[in-house]
Each structure stands twice: as structure tokens, then as C-alpha cells.
Amino acid sequence: MHFDIFSLFPSMFRGPLEESILKRAQERGYVSIAVHNIRDYATDKHHITDDAPYGGGGGMVMKPEPIFAAVETVLAGETGVPIILLTPQGRLFTQAVARELAGYRRIALICGHYEGVDERVGQYLATDEISIGDYVLTGGELAAMVIVDAVTRLLPGVLGDPGAVLEDSHADGLLEGPHYTRPAVFRGWAVPEILLSGNHAAIARWRREQALLRTLQRRPDLLAKANLTPQDRQFLAKFEPS
Ligand code: ADE
């Protein structure tokens, strides 16, 4: 997978993409990330990338020309590459969207900043607009990093354990249950007995039930869309208010 990120602040990407799993994924060739400075594609003497909004009002708006020039130069000759504008007005980023994006060979991410981006970028250059949540960030950079992270860890080979992504929270529409490691008793708080039992079938059932219970308690909205077996429904029925 190759990511092309278009930003006015490329140095923001230095830290987060150079640690841990993302670092290893790049070293091992599963993913490559190029950060392109939109300012480099402004052709005027002062490399201006923003301007006052037509019609007045506060804040500045990112100009369309440098963004179009940057994306069209970098993606010249390419077809079928999603060009995603990060904006709080986009469709909501979820694990399902991460899985969808993980199917592409190359993805372009445009980071907006200031009051916004000239509407023509969204209309005539971007093929998709994504928001990472219902809140407003100072720019699309952090949102782009979230997408790179969530998509990269889904690529085959990136995580040591290939089954790990199947058990993630949200992988099957449920939150994950609790995890424990040594010591078995910490400050008097014991790990649930069943996890020490060695009974793998019972442990798997317990984990499923914990996932169901946690989802019911914390995100009941997710249960409506989750893939539940008759056994799951029977378990949940015990917690329904009578
Ligand atoms: N830019 C500003 N806020 C954002 C958000 N919530 N998601 C994506 N891009 C953004």
C-alpha cells in the first residue's frame, strides 16, 4: 500500500509514522508513505496557499490551484486511486471504512487547514470526503494519521498475529472483552478464574459473552447492527430489563 499525503505541515507526520508498528511496516515494505508539501506547488513568488473567503467572514480558505497541482503532479498517469479530502463534513470513518480502504493499492489524502478548503477541491478533485469524528480539528493532518494507522494494521503481514485483526473491537461489530496478563493477582485483584482453566472452548465462550456484555453496557447502539448468533441473543436476553 502506498499513501500520498498532501499537507501544508509535512513535519507533523515525522513522529507518529516513525514509531512502533508503522515504522516496522514501512521497513518491511508493507507500506510506503510520501508526504507532499502543498506549498511547493504554489507558483507565485511567495508560495501563497490561502486567501480570504469570497463574501467576507473570518478565517482563511485554502486556494485550489496548489492543491490541484500537487495531486495532479504526484498522481499523473494513475487511475483508480481514491483521492480523499479530510474534513469534518465527510462520511464518518469506521472500521468498515478502514477495511474498504485497505483493499486499495494506493491512496491519496488531502489535509485541509484553516477555515476550510475551496469547495472546488471537494467537488472536482477529491473522490471521497472523510471525517474521523464529530468534532473539529485544527487541520486534516491528525485525521490522515488516524487513517494511515487504522488501514496499515489491517494489511496482511503487518501485525505479527494474523488473527489479531479478526478479534479487534469493531471487527465484528462488537467491542472486545477485557484482557489480562501476569500477575494472576495484583493488589488483591484476581484475574477471572476461567482464563487460568486451560479450557479453550469455555474461554472462547466467556470472551464472546464479555464482548457482548461490554457492548451492551457501553455501546448498545452497536448491538443493533452486530452479527449475533442465536446463542448470543439468548445470552443477551438475560440482561434485558423485565
Ligand atoms: N479536519 C478538521 N476536523 C476534522 C475531522 N473531524 N475529520 C477529518 N478532518 C478534519
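Residues numbered from 1 in each chain as written. Predicted model: local features only at pLDDT ≥ 70, side-chain atom pairs only at ≥ 80, totals over all residues. Heavy atoms only, no water.

*Asks:* Summarise the overall build of the protein chain; cite the residues concerned and give the values.
*Replies:* In terms of helices and strands, the protein chain carries nine helices and 10 strands. Relative to a compact globule of 242 residues, whose C-alpha radius of gyration would be 18 Å, the protein chain shows 22 Å and is clearly more extended. With respect to the three principal axes, the spread of C-alpha positions in the protein chain is 70 × 45 × 40 Å. Put simply, the protein chain has 242 residues, and 40% of those count as buried. (Helix = DSSP H or I, 4+ residues; strand = E, 2+ residues; numbered from the N terminus. Rg over C-alpha atoms; globule rule 2.2 N^0.38 Å. Buried < 20%, exposed > 50% of the residue type's maximum accessible area, 1.4 Å probe, protein only.)

*Asks:* I'd love a proper account of the sheet that holds strand β4 (residues 61-62), names of residues and values included.
*Replies:* Read from one edge to the other, the open sheet built from three strands follows the order β3-β4-β7, with strand pairing classed as mixed. The open sheet has two edge strands with one neighbour each: β3 (50-51) and β7 (116-117). In this sheet, β4 lies alongside β3 in antiparallel orientation, the contact comprising two bridges. Paired with Asp-50 across the bridge in β4 is Met-62. (Pairing = 2+ DSSP bridges.)

*Asks:* An account of helix α5 (residues 141-152) is needed here, citing residue identities and associated values.
*Replies:* Residues three or four positions apart in an α-helix share a direction because the helix packs 3.6 residues into each turn. Between its first and last C-alpha atoms α5 spans 16 Å; for 12 residues at 1.5 Å apiece the expected length is 16 Å, and the two agree. Counted residue by residue, α5 has nine buried out of 12 residues, so it is predominantly covered. Buried within α5 are the following residues: Glu-141, Ala-143, Ala-144, Met-145, Ile-147, Val-148, Ala-150, Val-151 and Thr-152. (Expected span 1.5 Å × (residues − 1).)

*Asks:* Got a sec to walk through the domain arrangement of the protein chain? Specific residues and values, please.
*Replies:* When cut into domains, the protein chain gives domain 1 (2-152) and domain 2 (169-237). Spacing between the C-alpha centres of domain 1 and domain 2 amounts to 37 Å. (Domains from an automatic or database assignment.)

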